[in-house]
Amino acid sequence: MITIAVFGSSTTPPDSTEWDQAVLVGDAIARRGWAVATGGYGGTMEAVSEGAARAGGRVTGVTAPLIFPGRKGPNRHVHTEITEDTISHRIARLVEMSDAAVALPGSIGTFAELVVAWNAAFVAGARGAHPMPVVAVGRGWQVLLEAAETTLPTGAGFVRVVRDAADAIVELDRMIERIAASGR
């Protein structure tokens, strides 16, 4: 089963546009028969999990209870919890278990997740393998990625930046179809 990692803010409130967009992403992923993997806690992670679970999808939450002792387990929509001891291991697990990644708006933690997914795509491309599809939603990511691509020796094009959640799903469809056609 294809698994899509979705990264985003842990502080997104339920009454926000960002929450609604994240629910739509989870719903769309599940309706395609794909599984969702998130950091498992609240905010965007919960919204994506809610959308996926309501649509009948499988939700995995990769949590870090030693790092976040104040968080009382995964959100209620998570079917399977995987625990890791460090942030680095948590992010690595999310990327390693996924076939594609989507970064919704977030902060430094989301940026760290996006960079690890981007690096995985870059390394795969450098060794001749099919790079993991990585999609980033929003102008904020565009600015950061453009700065990185113009100042660091990395290949451009490993992360596709899109305007909103609907565009992210369209881009995922295109990228996953391309992978399936290549026989991966």
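This write-up is about the structure you can find in this document. (Residues numbered from 1 in each chain as written. Predicted model: local features only at pLDDT ≥ 70, side-chain atom pairs only at ≥ 80, totals over all residues. Heavy atoms only, no water.)

Describing the overall build of the protein chain
Part 1 of the reasoning: Regarding its fold elements, the protein chain presents 6 helices and 7 strands.
Part 2 of the reasoning: Secondary structure elements in the protein chain, listed N-terminal to C-terminal, are β-α-β-α-β-β-α-β-α-β-α-β-α.
Part 3 of the reasoning: Scaling as 2.2 N^0.38, a compact globule of 184 residues should have a C-alpha radius of gyration of about 16 Å, and the protein chain matches this with 15 Å.
Part 4 of the reasoning: Counting over 184 residues, the protein chain shows a buried share of 47%.
Part 5 of the reasoning: Within the protein chain, contacts between residues at least 6 apart in sequence are counted, and of these 67% link residues at least 24 apart. (Helix = DSSP H or I, 4+ residues; strand = E, 2+ residues; numbered from the N terminus. Rg over C-alpha atoms; globule rule 2.2 N^0.38 Å. Buried < 20%, exposed > 50% of the residue type's maximum accessible area, 1.4 Å probe, protein only. Contact = heavy atoms within 4.5 Å.)

Some remarks on the packing of aromatic side chains
Part 1 of the reasoning: The full count for this structure, using the stated rule, is 3 aromatic pairs.
Part 2 of the reasoning: The lysine or arginine in question, Arg-71, covers the ring of Tyr-41, its NZ or CZ lying 4.8 Å from the ring centre.
Part 3 of the reasoning: Sitting above the plane of the Phe-68 ring, Arg-71 keeps its charged end 4.0 Å from the centroid. (Phe/Tyr/Trp six-rings, centres within 6.5 Å; stacked < 30°, edge-to-face > 60°. Lys NZ or Arg CZ within 6 Å of the ring centre and 35° of its normal.)

Some details on the sheet that holds strand β5 (residues 100-103)
Part 1 of the reasoning: One open sheet holds the 7 strands; their spatial order is β4-β3-β2-β1-β5-β6-β7, and the pairing between them is parallel. At either margin of the open sheet sits one strand with a lone partner, and together these are β4 (80-83) and β7 (160-162). Shown here is a sheet whose adjacent strand axes are inclined to one another by a mean of 20°, direction ignored.
Part 2 of the reasoning: With 3 bridges connecting them, strand β1 (residues 3-7) and strand β2 (residues 35-38) associate as parallel partners. The residue of β2 that forms the bridge with Thr-3 is Ala-35. (Pairing = 2+ DSSP bridges. Axes fitted to C-alpha atoms, helices over the stretch in contact; angles between N-to-C directions.)

What to know about the side chain of Glu-171
Part 1 of the reasoning: The topology assignment puts Glu-171 in helix α6 (residues 165-182).
Part 2 of the reasoning: A relative accessible area of 6% means that Glu-171 is categorised as buried.
Part 3 of the reasoning: Among the polar contacts made by the side chain of Glu-171, one reaches the side chain of Arg-160 at a distance of 3.3 Å.
Part 4 of the reasoning: In this structure Glu-171 touches Val-135, Arg-160 and Val-162, once residues within four positions along its chain are discounted. (Polar contact = N/O pair within 3.5 Å; in protein donor to acceptor, adjacent residues only side chain to side chain.)

This is a description of form; function is not addressed.
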